[in-house]
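Reading the structure
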Amino acid sequence: MANGQESRRASDRASGPANGQWFPPEWPDRIRALAAGTLTPVTPKRAATVMLLKDTGTGTDTGAGPVVHMLRRRTSMAFAGGAYAYPGGGVDPRDDDRDIRWAGPTRAWWADRLGVDGAGAQAIVCAAVRETYEEAGVLLAGPTGDSVVGDTTGADWEADRAALVGRELSFAEFLDRRGLVLRSDLLGAWARWITPEFESRRYDTWFFVAALPEGQRTRNASTEADRTVWITPAEAAAGYDRGELLMMPPTVATLRGLAGCGTAAGALAAAPGRDMTPVLARARLSGDEVVLSWPGHDEFTKHVPGTAPATPSDPTGGAPA
């Protein structure tokens, strides 16, 4: 089995540039199964992820620019193990069932921007802020609509963070308990990507950009990551290009977009002009070859030669992963 996977990786590398694109060896067989009608796509879960930025003090509008906080997913993770990503995770449906103290654009504004209804917009924005707190220890909320908490360390904060991670506490309940206002104005919607239909773990993910609040510091609070790093988007993308940093296409695409921003504030200012049309991979069979592409992102196109087409049964049974 290992030899077969390595052979498949080798043939894929031979058909395109050597880089760090995450490409599971089971994808070609799943694509063939989807084309044959023997694999039922699972429904993607809504998720949010945040590209947390900070200025280095040397960046200008034409200089090196800000650095972005990235984490490396543990190799034991079933989805994208070993890949570099941003803090993020799934939406908690409980976050759309109550009014919370809210600063910044209205829920209706966010609903229009994110392409969902008002309740969904609140839950997605909550997910972005909650996951940043859970995985990086950074909280985009404050006692008032124009303030941000300055310190999230201490036993009481850690107890609340652990309760959020364990889903014993919803983020709406957490904000209410502490009398905090969610600062939606500190977020900028940047992109939306949907996991391909042939993947067993699917997510409909909104990417946000935010600046590290003054007085707060990041830490690796995630049980899913074994390393965190502050790195310029250009350096991270170059590491991917050299095959040194493993990443998924959405991560690379957003890094390339951020590389043109001279400051964290510049990235936030650019966010409202970003296209939020969902990006969904397309797969087709050309003879025995699998051709995988992401519309608008030609650099990620893969041509994977095959031998005998396989049509495995859907291991998920068609149910959400």
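Residues numbered from 1 in each chain as written. Predicted model: local features only at pLDDT ≥ 70, side-chain atom pairs only at ≥ 80, totals over all residues. Heavy atoms only, no water.

**Considerations on the pattern of salt bridges**
Under the criterion given, the structure shown has 17 salt bridges. For D160, the salt bridge identified is with R178, shortest N-O distance 2.8 Å. Taken together, the residues D160 in helix 5 (residues 155–165) and R178 in helix 6 (residues 171–178) connect sequence positions 18 residues apart. Among the ionic contacts, a cluster of salt bridges with common partners joins D95, R130, E131, E134 and R167. (Salt bridge = Lys/Arg side-chain N within 4 Å of Asp/Glu carboxyl O. Helix = DSSP H or I, 4+ residues; strand = E, 2+ residues; numbered from the N terminus.)

**Describing the side chain of E131**
Note on placement: E131 falls in helix 4 (residues 118–136). Taking relative accessible area as the criterion, E131 reaches 4% and is therefore assigned buried. Other than its neighbours up to four places away in sequence, E131 contacts P87, G88, G89, G90, A136 and R167. (Buried < 20%, exposed > 50% of the residue type's maximum accessible area, 1.4 Å probe, protein only. Contact = heavy atoms within 4.5 Å.)

**Overview of the nonpolar core**
Core analysis: the largest hydrophobic core is formed by 40 residues, its most contacted members being L114, L139, F174, L187 and F208. The set of elements that each furnish at least two residues to this core consists of strand 1 (45–54), helix 3 (107–114), helix 4, helix 5, helix 6, strand 8 (187–194) and strand 9 (203–211). The biggest single contributor to this core is helix 4, with nine residues. When sequence neighbours within four positions are dropped, the list of residues in contact with L187 reads V50, W110, V125, A128, V129, L140, F208, V209, A210 and L268. Formed by 38 residues, the second largest nonpolar core is a distinct cluster that contains F23, F198, F207 and V279. (Core = buried A, V, L, I, M, F, W, Y, C linked by side-chain atoms within 4.5 Å.)

**Brief notes about the sheet that holds strand 12 (residues 282–286)**
Strands sit in the order 12-13-14 across an open sheet of three strands; the sheet is antiparallel. Every other strand in the sheet has two partners, leaving strand 12 and strand 14 (297–304) as the edge strands with one partner each. Ignoring strand direction, the axes of neighbouring strands in this sheet form an average angle of 20 degrees. Here strand 13 (residues 289–294) runs beside strand 14; their pairing, made up of four bridges, is antiparallel. Bridge assignment links V290 to a residue of strand 14, and that residue is V304. In the packing of helix 8 (residues 249–258) onto the sheet, the strands contacted are strand 13 and strand 14, and the crossing angle to strand 14 comes to about 155 degrees. (Pairing = 2+ DSSP bridges. Axes fitted to C-alpha atoms, helices over the stretch in contact; angles between N-to-C directions.)

Geometric values such as these leave the question of function open.
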